[in-house]
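What follows is each chain in one-letter form.
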Amino acid sequence: MITRKRLSAGVGALLAAFTAGIVLPAGAAAGEPTGQAAPKVDLVLDVSGSMRARDIDGQSRMAAAKQAFNEVLDATPEEVELGIRTLGADYPGDDRKTGCKDTAQLYPVGPLDRTEAKTAVATLTPTGWTPIGPALLKAADDLDGGDGSKRIVLISDGEDTCAPLDPCEVAREIAAKGIGLTIDTLGLVPTAKLSRQLSCIAEATGGTYTSVEHQDELTDKVNQLVDRAADPVVTPVPTEGASRCMEAPTLKSGLYTDREEFGQQRWYRVEVLPGQELRASVSVAADRAVNPGYGVLLRAVTVKGREIVRGEAAGNGRTDMISTGLRWSEPERDGTDGDKPAAETVCLAVTHSFSAASGVKTTPGLPLELTVDVVDGPSQSGDVASFGLGRGWWLLGALILTGFLAGLVWGWLSRWRVAVWRTN
């Protein structure tokens, strides 16, 4: 439901720093890979009249797309259920109402018959309008049901021609359903306006946007996205934070989803044993129109209200999602009378400063995604600073020794040269 701007990994340098080393335990109670239902991919191809343009490696955009599709179909993993949907492929007329309904399932999502799918693609001819919004709604229906990963790959060379059904708003509606569907977009020789629209669609669901100007780029990117669908899926676990720490749910390592009202604060609890490290990150997504200028704050607090550490990030209205993270280690300590030392209860507080635009509903709250991981902490002996130099003390020692020996050798050579000069 919440996306990382993926999308856009620009979702993501700060999150990457905090989550790069996170591996959810195999027995984690939350967010385990499902590994049961087959992953599903629906390729949505723009077949509007503009696809006749011959500006991709000397061939038409349609020819490049067909060639890419044929190669992708050959390389699709056996476990992936793949379908193909078109937009603008059948109606060549001028009636806008009819043209904006022109989307059809060319090949149904399911086990792939490569020959049949290639035959269907070969019949395509650039024809009509560009109803991106209606096509996305239908594609979401194509992928409805099942617990496996669901991915739409939209390939278009022009912006939607069927407003006011804004495709970006459609993508936000799909994300708000919480069905775990990701939309990736590819723009063929895109204009600035098309890039903005396709970026917005992708970011709304945590997908990626890619600009494509060559046929091999198109093939490689679609192959990459189809392969990604076959990766194990981590399913977020719904939870409900509280307004106070003592009433908050206790979370284990995993991925969680919740909703937070405007101006609200959500609390969660995590138990951290001595010698363990807590790593947490949060993303808050705007699934509706919001005012520019916002931020998100994640704090780790003791049960007595003392702040331990915080992470914060700010946005300026250019993206629909904002993320931050933190990490904190509980020091080793001995238990009383030989008992095992008790865990420290850490309260995680999530606050955001999004504000609803005029006339926009404020309920339900904005979707948030919280990642929690409790791992073994760093080695105390290995990470303690030595004389303020940490692990670099040995390098300084080696440099000092090298300089001392070099000085001795240089001094001996100097004395020898002076002695030779005096002798001669």
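Our subject is the structure that appears above.
Presented here is a report on the structure given in the accompanying data block. Just so you know, these numbers come straight off a predicted model, no measurement behind them.

As for the sheet that holds strand 12 (residues 307–315)
- Strands sit in the order 9-14-11-12 across an open sheet of four strands; the sheet is antiparallel. Sheet topology places strand 9 (265–272) and strand 12 at the edges, where each strand pairs with a single neighbour. For this sheet, the mean angle separating the axes of adjacent strands, direction not counted, is 15°.
- With eight bridges joining them, strand 9 and strand 14 (residues 344–352) adopt antiparallel strand pairing.

A look at the environment of G377
- Mapped onto the elements, G377 comes out in the loop between strand 15 (366–376) and helix 9 (380–383).
- Since its relative accessible area comes to 22%, G377 is described here as partly exposed.
- A C-alpha to C-alpha distance of 6.1 Å links G377 and S329, two positions 48 residues apart in sequence.

What to know about a nonpolar patch on the surface
- A cluster of nonpolar side chains, V409, W410, W412, L413, W416 and V420, forms an exposed patch at the surface whose accessible area comes to about 680 Å².
- Assignment of secondary structure puts W410 in helix 10 (residues 393–423).

Let's talk about the packing of helix 6 (residues 167–176) against helix 7 (residues 192–204)
- Interaxial distance between helix 6 and helix 7 falls to 8 Å at its minimum, and their mutual angle equals 5°. Accordingly, the angle class assigned to the pair helix 6 and helix 7 is roughly parallel. The segment helix 6 lies against helix 7, with P167, C168, A171, R172 and A175 engaging Q197, C200, I201 and A204.

Describing the packing of aromatic side chains
- Tallied over the entire structure, the rule returns one aromatic pair.
- Summarising the aromatic geometry, the rings of Y294 and F354 are spaced 4.3 Å apart at their centres and angled 20° between planes, so their arrangement reads as stacked. Here the residue Y294 occupies a position in strand 11 (residues 294–302), and F354 occupies one in the loop between strand 14 and strand 15, the gap between them amounting to 60 residues.
- The exposure class assigned to Y294 is buried, which follows from its relative accessible area of 4%.
- The class of F354 is buried, set by a relative accessible area of 3%.

Some thoughts on a negative patch on the surface
- Taken together, D57, E71, E213, D216, E217 and D220 make up a surface patch of like negative charges.
- Top contributing element to the negative patch by residue count: helix 8 (residues 215–229), with three residues.
- Along the polypeptide, D220 turns up in helix 8.

Describing the pattern of salt bridges
- Enumeration over the complete set of coordinates arrives at 13 salt bridges.
- Across the salt bridge formed by E307 and R299, the nearest N and O atoms sit 3.4 Å from each other.
- For E307, a relative accessible area of 31% translates into the label partly exposed.
- For R310, the salt bridge identified is with E307, shortest N-O distance 2.9 Å.
- When salt bridges with common partners are traced through the structure, they connect D55, R61 and D157 into a single cluster.

What about the environment of I183?
- Among the secondary structure elements, I183 is positioned in strand 5 (residues 181–188).
- Given a relative accessible area of 0%, I183 falls into the buried group.
- Counting along the chain gives 25 residues from I183 to T208, while the straight-line C-alpha distance between them is 7.5 Å.
- Apart from residues lying up to four places away in sequence, I183 is in contact with L136, I152, A171, I174, I201, A202, T205, G207 and T208.

As for the sheet that holds strand 13 (residues 321–329)
- The strand order across the open sheet built from five strands is 7-8-15-10-13, with neighbouring strands paired in mixed fashion. Only two strands of the sheet have a single partner each, and these edge strands are strand 7 (237–238) and strand 13.

Let's talk about the state of the cysteines
- Taken as a whole, this structure holds three disulfides when the rule is applied.
- Each disulfide pairs two cysteine sulfurs, and for C100 the partner residue is C162, the sulfurs being separated by 2.0 Å. When the S-S torsion is -100°, as for the bridge of C100 with C162, the disulfide is left-handed. Pair noted here: C100 is in the loop between helix 3 (96–99) and strand 3 (103–110) and C162 is in the loop between strand 4 (150–156) and helix 6, with a separation of 62 residues, a long-range link.
- When its relative accessible area of 6% is taken as the criterion, C162 is described as buried.
- Covalently, C245 is tied to C347 through a disulfide, its sulfur atoms 1.8 Å apart.

A few points about the environment of T185
- Among the secondary structure elements, T185 is positioned in strand 5.
- Sequence separation of T185 and T210 is 25 residues, and the distance between their C-alpha atoms is 6.4 Å.
- Within polar-contact distance, the side chain of T185 engages the backbone oxygen of L198 at 3.0 Å.

Topic: unusual backbone geometry
- The amide bond that connects T363 to the next residue, P364, takes the cis arrangement and shows omega of -5°.
- With respect to the secondary-structure elements, P364 resides in the loop between strand 14 and strand 15.
- Within the chain, D57 stands out as a residue other than glycine whose phi angle is a positive 55°.
- With respect to the helices and strands, D57 occurs in the loop between strand 1 (40–46) and helix 2 (61–75).
- Classification of D57 as partly exposed rests on a relative accessible area of 45%.

Definitions and limits used
Along each chain, the written sequence defines residue order, and numbers are assigned to residues from 1. Totals for whole chains, interfaces and linings use all residues, but because this is a predicted model, local features are given only for residues with pLDDT of at least 70 and pairs of side-chain atoms are given and counted only at 80 or more. The basis for every side-chain value is the complete set of non-hydrogen atoms in the structure, without hydrogens or water. Following DSSP output, two strands are said to pair if at least two bridges run between them. By the criteria applied, helices consist of DSSP H or I runs no shorter than four residues and strands consist of E runs no shorter than two, each listed in order from the N terminus. Each axis is a line fitted through C-alpha atoms, and for a helix only the stretch in contact is used; angles between axes span 0 to 180 degrees, taken between their N-to-C directions. Only protein chains enter the accessibility calculation, which uses a 1.4 Å probe; a residue is then buried when its area is under 20% of its type maximum, exposed when over 50%, and partly exposed in between. Only residues whose relative accessible area exceeds 30% and that take part in no salt bridge are eligible for patches, with like-charged residues grouped when within 9 Å of each other and nonpolar side chains (Val, Leu, Ile, Met, Phe, Trp, Tyr) grouped when within 5 Å. Working definition of accessibility: Shrake-Rupley area with a 1.4 Å probe, residue cover restricted to the visible protein chains. The rule for a salt bridge is simple: a side-chain nitrogen of Lys or Arg has to be within 4 Å of a carboxyl oxygen of Asp or Glu. By the definition adopted for this analysis, an angle is roughly parallel if under 35 degrees, roughly antiparallel if over 145, roughly perpendicular if from 65 to 115, and oblique otherwise. Contact definition: two residues touch when any of their heavy atoms are within 4.5 Å. Only the six-membered ring of Trp is used, alongside the rings of Phe and Tyr, when aromatic pairs are assigned; centres must lie within 6.5 Å, and planes under 30 degrees apart are stacked while those over 60 apart are edge-to-face, with the rest tilted. We treat Lys and Arg as the positive residues and Asp and Glu as the negative residues; His and chain ends play no part in the count. To locate a charge, take atom NZ for lysine, CZ for arginine, CG for aspartate or CD for glutamate. Cysteine sulfur atoms are paired as a disulfide whenever they fall within 2.5 Å. Distance and chemistry together define a polar contact, namely a pair of N or O atoms within 3.5 Å, with one atom able to donate a hydrogen and the other to accept it when in protein, and with adjacent residues in sequence counting only for side-chain atoms on both sides.

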